[in-house]
Every structure is written in C-alpha cells, then in structure tokens.
Amino acid sequence: MEIRVHYFGMIAENTGTNSEYITTPQPSDTKNLKMVLLEKYPILEKLEFNIAVDQKLINQNTSISNNTEIALLPPFAGG
Amino acid sequence: MKNSFRPGPIASEFIGDAIKKHQSKTSIGAHDIFLGQVRADNIEGKEVKAIEYTAYEEMANKAFHEIREAAFEKFDLTCSHIYHSLGTVLVGEICLFVFVSSAHRKASFEAIEYMVERIKKEVPVFGKEVFEDNTHVWKVNK
C-alpha cells in the first residue's frame, strides 16, 4: 500500500524531502510504517518525533489506509 | 478554518490596527496581549540571529481553533485572536501575537496564559534557530 508521509522541521532536513509516498505491508498500521521508515532512514532512530495520523497525534499503534495522512512531527517550537 | 499564520514578523502596525478595530466593540472593558519576540539566545558560544518558522499548517490552524474555542468555554471572553509567523523572523521581531478581550480584566488575564501555554505545547510549529555564520539548531519549547 502507498501511504503519503509528510516530514517537518528536523525530520524533513534528515529525510531530504517534505513528503513522499511510502510502500507499506498490508494491513498497514503505524507500527509497520515506522519499521519501513526506520529502514529507509536509520537516522530516525536518533531523532525525537511523534506521528500524526490524519492530523491527530497518536500514542498507540493505529491502523492506516490508502487515504490516511501521516506526518512525522519533531518537537514543537511555536511562539 | 481561519488561517492564523502570517508571512514574516508581525508588525507593530498590525498589532496597533488590531487594537483599533476593537474600539467599536463597546462591551469590552479589558484587553490582554501576549507578544512572543525572537531572542538572541547564545548557544555554545554562537548567537541566534533569526528563527525560520515552518508548520504543519492545516493541523496547526485546527489546533489554534480548538485552543480559542476552549478559551471561550472556560473564560468569559468577548474576542480572541492568534497570529503566528511563518518564515524568517529576526531577533527582536515579533513571532506570536495573542489578543483576548473581555468585559473585565480577570477573564483576559487568565485566558491569555491558558492560550499561550497550550500554543507552546500543542501546535505543530517548528523553529530553526539560525546563527550569524548561517549554521543552525532546531528550537524545542520547554
């Protein structure tokens, strides 16, 4: 399955792109997506980030489908 | 969804105009304003000259909206506005403008602190602190 993944801040700097399609095994969830991403970008292991699924931060494994919007968000720095 | 982002620094004229626009709302007796200013932090001997802001804009605007809605529920407010910079903001310039209005002072005092604290914690805005030699570090809110 092809999932659109967005990267921000320090994460985008390390992936070298703001967004891309990532192929994940089916059924897809945030856990197996994270494994694919760590394999592609081993540096992510050392970086702090949270995952947003459809613009909501998640704190447990969450299933994802073709239309799901995923974002890797480094620590916030607003204000 | 209202867009709370503004390109570049928030000008003092913009802030002044925002105050002026509220003169016709005569039930207001108190305004409170929070301004975030880019600080010349010294990090390992190098001084910050600017912050370059980026954001997950759609999610951030939703978060700003939710924070304003929650403030209206908790406090007796007449108005509330949030503006945040995107792009480069130099040291000494304003990057965050939060503006609340109420009939009496207490609601405004309490609401502004509540909103600013939530903005710092919950809104996906990212800041690259750029030094004089153009190297950078990524800012993290404490």
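None of the values given here were measured: they were computed from a predicted structure.

Undergrad: Which parts of the structure should I look at to understand the pairing of strand 4 (residues 46-55) of chain B?
TA: For a regular strand, the rule is simple: side chains alternate between the two faces of the sheet. Residue and element names in this part refer to chain B. Two strands pair when backbone bridges link them, and strand 3 (residues 42-43) and strand 4 are joined in this way by 2 bridges, in the antiparallel orientation. From the neighbouring strand, Asn42 faces strand 4, where its bridge partner is Glu47. Where strand 3 hands over to strand 4, the hairpin turn is made up of 2 residues, of which Glu44 adopts a positive phi near 50 degrees. Relative to strand 7 (residues 125-131), strand 4 is paired through 7 bridges, and the arrangement is antiparallel. Its bridge partner lying in strand 7, Ala55 is registered against Val125.

Undergrad: Got a minute to help me understand the interface of chain A and chain B in this structure?
TA: A common way to express how large an interface is: the accessible area buried when the components associate. Listed as interface residues are 16 residues of chain A and, on the opposing side, 24 residues of chain B. When residues of chain A are sorted by the area they lose upon contact with chain B, Gln55(A), Phe76(A) and Gly79(A) head the list and together hold 41% of the total. At the boundary of chain A with chain B, the tally comes to 0 salt bridges. One can count 12 residue pairs in polar contact (both at pLDDT 80 or more) joining chain A with chain B. Listed by contribution, the elements that provide at least two residues to the side of chain A that touches chain B are helix 1 (9-15) and strand 5 (69-73) of chain A.

Undergrad: Mind showing me how you'd approach the side chain of Asn61(B) here?
TA: Residue and element names in this part refer to chain B. Turning to its location among the elements, Asn61 is positioned in helix 2 (residues 57-74). There is a polar contact of 3.2 Å between the side chain of Asn61 and the side chain of Asn3. In contact with Asn61, not counting residues within four places along its chain, are Met1, Lys2, Asn3, Ser4 and Phe5.

Undergrad: Before we go on, may I ask you to explain the packing of aromatic side chains in this structure?
TA: Geometry of an aromatic ring pair is reported as the spacing of the ring centres plus the angle between the planes. Throughout the structure, instances matching the rule amount to 10 aromatic pairs over all chains. Seen from their ring centres, Phe76(A) and Phe126(B) are 6.0 Å apart, and the 70 degrees between their planes marks the pair as edge-to-face. Here Phe76(A) is found in the segment after strand 5, whereas its partner Phe126(B) is found in strand 7 on a different chain. By relative accessible area, Phe76(A) is classed as buried at 11%. For the pair Tyr83(B) and Phe97(B), a centre-to-centre distance of 5.7 Å together with 25 degrees between the ring planes defines the contact as stacked. On the criterion of sequence distance, the pair formed by Tyr83(B) in strand 5 (residues 77-90) and Phe97(B) in strand 6 (residues 94-102) is long-range, its members being 14 residues apart. Of the two residues, Tyr83(B) and Phe97(B), both sit in the buried class.

Undergrad: Is there a simple way to explain the pattern of salt bridges in this structure?
TA: When the charged atoms of two side chains lie near each other, side chains of opposite charge can form a pair. Under the counting rule described, the total for this entry stands at 5 salt bridges over all chains. Between Glu20(A) and Lys40(A) there is a salt bridge, and its shortest N-O distance comes to 3.0 Å. Placement of Glu20(A) in strand 2 (residues 19-23) and of Lys40(A) in helix 2 (residues 30-40) is noted, with a sequence separation of 20 residues between them. Classification of Glu20(A) as buried rests on a relative accessible area of 15%. Residue Glu110(B) is joined to Lys106(B) by a salt bridge in which the shortest nitrogen-to-oxygen separation is 3.1 Å. Taken together, the residues Glu110(B) and Lys106(B), both in helix 3 (residues 105-122) and 4 residues apart, mark about one turn of the helix. Exposure remark for Lys106(B): the relative accessible area of 58% places this residue in the exposed category.

Parameters at a glance
- Residues numbered from 1 in each chain as written.
- Chains lettered and ligands numbered in written order.
- Predicted model: local features only at pLDDT ≥ 70, side-chain atom pairs only at ≥ 80, totals over all residues.
- Heavy atoms only, no water.
- Pairing = 2+ DSSP bridges.
- Helix = DSSP H or I, 4+ residues; strand = E, 2+ residues; numbered from the N terminus.
- Contact = heavy atoms within 4.5 Å.
- Buried area = accessible area lost by both parts, 1.4 Å probe.
- Salt bridge = Lys/Arg side-chain N within 4 Å of Asp/Glu carboxyl O.
- Polar contact = N/O pair within 3.5 Å; in protein donor to acceptor, adjacent residues only side chain to side chain.
- Phe/Tyr/Trp six-rings, centres within 6.5 Å; stacked < 30°, edge-to-face > 60°.
- Buried < 20%, exposed > 50% of the residue type's maximum accessible area, 1.4 Å probe, protein only.

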